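# Breakdown of the fold
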Amino acid sequence: MNEQDFLASYNRRDFLSPLITVDSVLFTYHEEQLKVLLVKRGEHPEKGKWSLPGGFVDEVLDKCLEDTVLRKLKEKTGVIPPYIEQLCSVGNNQRDARGWSVTVCYTALIAHQACEAHIDTVDSVMWCPIDEIAQQSLAFDHHELIVQARERLKQKSLYSIVPGFALPEVFTLPELQHVHEILIGKEIQKKSFRRRIEQADLLIDTGEKRAERGRPASLYRLKEASADYRFIRNLEF
């Protein structure tokens, strides 16, 4: 039997397969807090609990896992992040009461202003402050996924400009520094931070200014390729 004949006669349903899903940990920065996006489950199992937005892979609609992530985010929250990255894969026979389950988890950071109008009109979706997550009774193993995503975000803030995606389309350098500090949990030296950002050439000067504490501050926006940029050295304190 050659490979063509083998594939023609192969029936994958002869073997048990695990449940395959995706989950998304979306963060935003709002009211000087880091928040995570949750949805309330409307079906069993874990009906009525808050959970991460996600769902099953659709072999007809989805060409890849990223297609599933974006499709389920749009269906359940209406939120489409500016970028999405794979965080981890988790699989075992305990995380889902329906059976052996594998989830591929993704994470991203999004500006609150980009989705505020939609989220505020949906009862089953909310931005939960990260400091309150521990008190929430979440479905499945979503507590653990959020903890892992939070640590990834902290580390990325040390060597990338990803925190800028939590800001509005245009922002000031003090705002960019402040969101870095919130995500990292430490204060950053102003001069070294600005020198680092300017040398990397990741921002577009809009030519506009906004008054901050009586002083006009220049307004910037992120360049398209900035999400993929990696600094040579981590931030120093």
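Residues numbered from 1 in each chain as written. Predicted model: local features only at pLDDT ≥ 70, side-chain atom pairs only at ≥ 80, totals over all residues. Heavy atoms only, no water.

### Some points on the pairing of strand β1 (residues 19–30)
If a strand is regular, its side chains alternate between the two faces of the sheet. The buried fraction of β1 amounts to nine of the 12 residues, a majority that puts the element mostly inside the structure. In this structure, β1 lies alongside strand β6 (residues 101–109), joined through nine bridges in parallel fashion. Bridged to Ile 20 within β6 is Val 102. In this sheet, strand β2 (residues 33–40) lies alongside β1 in antiparallel orientation, the contact comprising four bridges. Note on β2: the bridge partner recorded for Thr 28 is Lys 35. Hairpin geometry of β1 and β2 is characterised by an intervening segment of two residues between the two adjacent antiparallel strands and by a positive phi of about 55° at Glu 31. (Buried < 20%, exposed > 50% of the residue type's maximum accessible area, 1.4 Å probe, protein only. Helix = DSSP H or I, 4+ residues; strand = E, 2+ residues; numbered from the N terminus. Pairing = 2+ DSSP bridges.)

### Considerations on the pairing of strand β7 (residues 125–129)
When you tally the buried positions in β7, you get four out of five residues, the bulk of the element. In the sheet, β2 pairs with β7 via five bridges, with the strands oriented antiparallel. Opposite Val 36, over in β7, you have Cys 128 as the bridge partner.

### Let's talk about helix α6 (residues 190–200)
Turning to α6, its buried residues are Phe 193, Arg 196, Ile 197 and Ala 200. End-on view of α6: buried residues confined to an arc of 90°, all on one side of the axis. α6 presents Lys 190, Lys 191, Glu 198 and Gln 199 as exposed residues on the side facing more than 90 degrees away from its buried surface. On the buried face of α6, the contacting elements are α4 (142–159), α5 (173–184) and β8 (203–212). Of the residues one or two after α6, Asp 201 is the one with positive phi, at around 55°. (Arc of directions from axis to C-beta. Contact = heavy atoms within 4.5 Å.)

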